[in-house]
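Letter by letter, the chains look like this.
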Amino acid sequence: MADTKSGRDKQARDEERRQIRRDISEARERGDEADPTADPPAECHRRGCAEPVAFSVTERYQEETGAGAVEATAFLCADHAGDESPVNLDDAYEGYVFRVEPVAAGAGGN
Ligand SMILES: [Zn+2]
């Protein structure tokens, strides 16, 4: 009998997590998510924060459906970058990455 309460709870959690990942990949396809090779945005990615971007925070983990690695990058101000921590350690694999890199401020452009 797989239809236990804990089994259903796990299923609901998995569904929730899949939804989050779909949101990430859809945002990338729409081009909302910053491409690391493109110019970084000028302002922090956090809603309501207008501080200048100081760091890019990237996490790469294994998509548990077997679709391959997923890489999510956010450009954040120094304060918000300091708040970031790995959130997908459950899906870590040998290529797992959690990376914080400084973003050169004012390199070219205004
Ligand atoms: Zn911020």
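Report follows, based on the coordinates. If you're wondering where the values come from, they're calculated on a predicted model, not measured in any experiment.

The next thing to look at is the overall build of the chain. A tally of regular secondary structure across the chain gives 2 helices and 3 strands. Along the chain, helices and strands appear, N-terminal first, in the series α-β-β-α-β. Taking the intrachain contacts of the chain between residues at least 6 apart in sequence as the baseline, contacts between residues at least 24 apart amount to 60%.

Once that is clear, we can look at the pairing of strand E3 (residues 97-102). Across the 6 residues that make up E3, only a small minority, 0, are buried. Here strand E1 (residues 55-63) runs beside E3; their pairing, made up of 6 bridges, is antiparallel. Within E3, the position partnered with Val57 by the bridge is Val100.

Our next topic: the nonpolar core. With 8 residues, the main nonpolar core is built from Cys44, Val53, Ala54, Phe55, Val57, Phe75, Leu76 and Ala81. Sorting the residues of this core by element identifies E1 and strand E2 (68-76) as the ones contributing at least two each.

Here E1 pairs with E2 via 9 bridges, running antiparallel. The residue bridging Glu63 from the neighbouring strand is Gly68, located in E2. Taking the residues that link successive antiparallel strands as the turn, the E1-E2 hairpin has 4 residues, and the phi of Gly66 there is positive, at about 90 degrees.

With antiparallel pairing, the 3 strands of this open sheet are ordered in space as E2-E1-E3. The open sheet has two free edges, formed respectively by E2 and E3, since each of these has just one partner strand. Strand-to-strand twist across the sheet, computed as the mean angle between neighbouring axes with direction ignored, equals 15 degrees.

Bringing the environment of Tyr93 into the picture now. For Tyr93, the location among the structural elements is in the loop between helix H2 (78-83) and E3. Using a count of 11 C-beta atoms within 10 Å as the deciding quantity, one classes Tyr93 as exposed. As a C-alpha pair, Tyr93 and Arg60 span 33 residues in sequence and 9.3 Å in three-dimensional space.

Note on placement: Asn88 falls in the loop between H2 and E3. Sequence-distant contacts of Asn88, defined by excluding residues within four places in its chain, comprise Glu59 and Tyr61.

About the criteria used
Residues numbered from 1 in each chain as written. Predicted model: local features only at pLDDT ≥ 70, side-chain atom pairs only at ≥ 80, totals over all residues. Helix = DSSP H or I, 4+ residues; strand = E, 2+ residues; numbered from the N terminus. Contact = placed C-beta atoms within 7 Å. Buried ≥ 20, exposed ≤ 12 C-beta atoms within 10 Å, placed from the backbone. Pairing = 2+ DSSP bridges. Core = buried A, V, L, I, M, F, W, Y, C linked by C-beta atoms within 7 Å. Axes fitted to C-alpha atoms, helices over the stretch in contact; angles between N-to-C directions.

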